[in-house]
Structure formats: C-alpha cells, structure tokens
Amino acid sequence: MVNFYEEAEEHLLKYAVIFAETEGKYVFCKHKQRNTWEIPGGHREPGEDILDTAKRELYEETGAVDFDIKPICVYSVAEERLSGSKEERIPEILTEHLHTGGIF
C-alpha cells in the first residue's frame, strides 16, 4: 500500500526518487544489478539534505549538471509480510520536471 503525506519530518526521509524529463521525454536509467530500466533515485547519505540527495543521485545516474528541481510529494510504502502484518517503510520524496539541457 502506498501512502501520501502533506509533509514529513526531514530526518524520516531516506530516499530520493526523481521523475526527470528532458526534451519532452522521461529519463530512465538501467539498474546495474536488476537489469531493469528505472527512474533515477537512491539512498540519502548521513547528514545530507534530501534535496541534495536528489541532485546527487540525478548526477550520478545520468551525468546531468544543469537542471531545475523541486519536491512534489512525500510517500511511504507498506509491505505485507508473510505473517500478513504490514510494515510501513520510511517516507520518501519525489521530485519532477528536471530540465537537463539535453545532457541525456
């Protein structure tokens, strides 16, 4: 189950997921271990601002250096365990409409 929040405490945000767009197309990156195409994103480093996480992950995964970025929502995912109980993961942040100047 996915839950959306108006806001969340900064320290709870553990991931940044970036919906990136350039030249009217969405950006996907090939995941090294799963061999799948996914949107850019990743874990927050200790002491890192969540917006800096999003910028760093976008750069690391695409090489983008010139872009506009803004947060659009916070969400969490509740995963059902084998016992039938649900555990809610830490909220995550999504960002959208990154203008990369054709770097991709």
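Residues numbered from 1 in each chain as written. Predicted model: local features only at pLDDT ≥ 70, side-chain atom pairs only at ≥ 80, totals over all residues. Heavy atoms only, no water.

(A) Highlighting the overall build of the chain. A count of helical and extended segments in the chain gives 1 helix and 9 strands. Counting from the amino terminus, helix and strand elements in the chain follow one another as β-β-β-β-β-β-α-β-β-β. Residue burial in the chain is summarised as follows: out of 104 residues, 34% are buried. Looking at the chain alone, contacts between residues at least 24 apart form 60% of all its contacts between residues at least 6 apart. About 7000 Å² of surface is accessible on the chain, with carbon and sulfur atoms providing 50% of the total. (Helix = DSSP H or I, 4+ residues; strand = E, 2+ residues; numbered from the N terminus. Buried < 20%, exposed > 50% of the residue type's maximum accessible area, 1.4 Å probe, protein only. Contact = heavy atoms within 4.5 Å. Areas by Shrake-Rupley, 256 points an atom, 1.4 Å probe, with all protein chains shown as cover.)

(B) Region of interest: helix H1 (residues 50-62). Taking 1.5 Å as the rise per residue, H1 with 13 residues should run 18 Å; its terminal C-alpha atoms sit 18 Å apart, in good agreement. Burial in H1 covers these residues: Ile50, Thr53, Ala54, Arg56, Glu57, Leu58 and Thr62. In the stretch just after H1, Gly63 is the one whose phi turns positive, near 85°. (Expected span 1.5 Å × (residues − 1).)

(C) Quick look at the nonpolar core. One finds Leu13, Ala16, Ile18, Ala20, Val27, Ile50, Ala54, Leu58, Ala64, Phe67, Ile69 and Val74 forming the largest nonpolar core, which totals 12 residues. Those elements that place two or more of their residues in this core are strand S2 (15-22) and H1. (Core = buried A, V, L, I, M, F, W, Y, C linked by side-chain atoms within 4.5 Å.)

(D) A nonpolar patch on the surface, seen in detail. Nonpolar side chains collect at one region of the surface, where Tyr26, Phe28 and Trp37 lie side by side and expose about 420 Å² of accessible area between them. By the secondary structure assignment, Tyr26 is in strand S3 (residues 25-26). Since its relative accessible area comes to 57%, Tyr26 is described here as exposed. (Patch = residues over 30% accessible without salt bridge, like charges linked within 9 Å, V, L, I, M, F, W, Y side chains within 5 Å. Salt bridge = Lys/Arg side-chain N within 4 Å of Asp/Glu carboxyl O.)

(E) Structural detail: the pairing of S2. Burial runs high along S2: 6 of the 8 residues are buried. Pairing between S2 and strand S6 (residues 41-43): 3 bridges, direction antiparallel. Following the sheet pairing, Tyr15 is matched in S6 by His43. Bridge count for S2 against S3 is 2 bridges, and the pairing is antiparallel. Looking at S3, one finds that Thr22 is bridged to Lys25. Here S2 folds back onto S3 in antiparallel fashion, the turn holding 2 residues, of which Glu23 has a positive phi close to 50°. (Pairing = 2+ DSSP bridges.)

(F) Representation of the side chain of Glu57 in the model. Examined against the element boundaries, Glu57 turns out to sit in helix H1. The contacts of Glu57, once residues within four sequence positions are left out, are Ile18, Gly41, Gly42 and His43.

(G) Layout of the confidence of the model for the chain. Scored by pLDDT, the chain has a mean of 76; 74% of the residues are at 70 or more. Below pLDDT 50 for its whole length, residues 90-104 participates in 78 contacts with residues either more than four positions away or in separate chains. (pLDDT = per-residue confidence, 0-100.)

(H) The arrangement of unusual backbone geometry in detail. Of note, Glu23 is a non-glycine position whose phi angle comes to about 50°, a positive value. For Glu23, the position within the fold is in the loop between S2 and S3. Backbone geometry places Asn35, a non-glycine residue, at a positive phi of 55°. Position of Asn35 relative to the elements: it lies in the loop between strand S4 (29-30) and strand S5 (37-38). You can call Asn35 exposed: its relative accessible area is 54%.

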